[in-house]
Amino acid sequence: MDQSDVDKTLFSRIQGFFETDILLGKRVTVVGLGSGGSFAVVELARCGISHFNLIDYDILELHNVSRHVCGIRDVGRLKTDAVKDAILNINPQGDVSCFHANIVRDETVLHQTVRSSDIVLECTDSKHSKYRINQYCIRIWQEQGLKVPVIYGGAYERAFGGDIIRVIPGETPCYDCVLGAVQKLSFYDSMPQGKIDYSNIDKSGSFKAEPGLGLDVHFIALIQAKVGLLTLLRGSASKLEDIPYHFLMWGNRKEWIFKEPFKCIYANTEKREDCPTCGSGKDLLDQYGIDPKNVETEAEKLLQSLPKADLDVSKIYPV
Ligand SMILES: [Zn+2]
């Protein structure tokens, strides 16, 4: 196939909604390339985005295939490498950097990726990861004025639904603010929760195998990718209208607060002045005497003060 034909034709079917040139220089960092993240990033490549940072520490296994964008030929490969090939299969001119890393343990990769990104998609099922990215992005905004929006996506139990949170530093409440507000809602405690099988928790605190249809996870991933695209197109002459909300709940099934299948509920929450991440952290100071600025040091001190248990870690996490 001639390269000039590829360049001319590749995105011809999406011209008219927005000038694809707007996306040419945009860089997207995706954290977590499981069933949701892999699907979301490939859809963004189909929209004309070429520059990606992919972060994941996992290998594609056979049981992943029924929900993942990559197939059986990729089993045994790093998810980053497999998804990179899936992107290049759509856009051979793509510029994709892979980071085989766990950002919960290694923040250096955030320095290498997030700062130069126009947007981040957080697609892991790890609360640790989500909080870490939130803290990092709020910090670089407060200290250096670097505004990097993050779209957080997550599925509920067995993917009966999920939610998407958009954080734009300086404009919206942070992830910590939103989650704190949502958890105080009267209906939140009645969310269906299955019995937790702790043998399914991996080293990062994530669940290894929450069952659920790929179809259901992909609905949530598609909304996350679309919110990401709308955020990148803000301020341009796009015909795709942005949504005036930063919190969306999607229901795949008639369950919990979703009265029918395929329901979307939108909301905006307020910035919390006592937010430990972006606010004064008043609660921490009042209740525990911990200065939010020193929370990591205080946590480390607390850990050091705990009695040492005689544990053989290799028996808990088989190598
Ligand atoms: Zn906050």
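Keep in mind that what you see is a predicted model, and the values were worked out from it rather than measured. (Residues numbered from 1 in each chain as written. Predicted model: local features only at pLDDT ≥ 70, side-chain atom pairs only at ≥ 80, totals over all residues. Heavy atoms only, no water.)

## A closer look at the pattern of salt bridges
Here comes step 1: Applying the stated criterion across every chain yields a total of 15 salt bridges.
Here comes step 2: Here glutamate 171 and arginine 234 are joined by a salt bridge, their closest N and O atoms 2.8 Å apart. In this pair, glutamate 171 sits in the loop between β6 (161-167) and α6 (175-183) while arginine 234 sits in the loop between α7 (214-232) and β7 (247-251), placing the two residues 63 residues apart along the sequence.
Here comes step 3: Owing to a relative accessible area of 44%, glutamate 171 belongs among the partly exposed residues under this scheme.
Here comes step 4: Residue classification places arginine 234 among the partly exposed positions, given a relative accessible area of 36%.
Here comes step 5: In this structure, aspartate 216 and arginine 253 form a salt bridge, with 3.0 Å as the shortest nitrogen-oxygen distance. Taken as a pair, aspartate 216 in helix α7 and arginine 253 in the loop between β7 and β8 (263-267) lie far apart in primary sequence, 37 residues in all. (Salt bridge = Lys/Arg side-chain N within 4 Å of Asp/Glu carboxyl O. Helix = DSSP H or I, 4+ residues; strand = E, 2+ residues; numbered from the N terminus. Buried < 20%, exposed > 50% of the residue type's maximum accessible area, 1.4 Å probe, protein only.)

## Some details on the pairing of β6
Here comes step 1: Across the 7 residues that make up β6, a large majority, 7, are buried.
Here comes step 2: Where burial is concerned, the two faces of β6 agree: the one with Gly161, Asp163, Ile165 and Val167 and the one with Gly162, Ile164 and Arg166 are both buried.
Here comes step 3: With 6 bridges connecting them, strand β5 (residues 150-155) and β6 associate as antiparallel partners. Looking at β6, one finds that isoleucine 151 is bridged to arginine 166.
Here comes step 4: Connecting the antiparallel pair β5 and β6 is a turn made up of 5 residues, with arginine 158 showing a positive phi of about 50°. (Pairing = 2+ DSSP bridges.)

## Describing the sheet that holds strand β1 (residues 27-31)
Here comes step 1: Overall, mixed pairing links the 8 strands, which are arranged β3-β2-β1-β4-β5-β6-β7-β8 in an open sheet. Two strands close off the open sheet at either side, each with one partner strand: β3 (95-100) and β8. The sheet shows a mean angle of 15° between the axes of neighbouring strands, taken without regard to direction.
Here comes step 2: As defined by bridge partners, β7 adjoins β8 across 5 bridges and the pair is classed as antiparallel. Its bridge partner being in β8, phenylalanine 247 is matched across the sheet by alanine 267.
Here comes step 3: Helix α5 (residues 127-144) contacts β1, β4 (119-122), β5 and β6 of the sheet and is inclined by roughly 170° relative to β5. (Axes fitted to C-alpha atoms, helices over the stretch in contact; angles between N-to-C directions. Contact = heavy atoms within 4.5 Å.)

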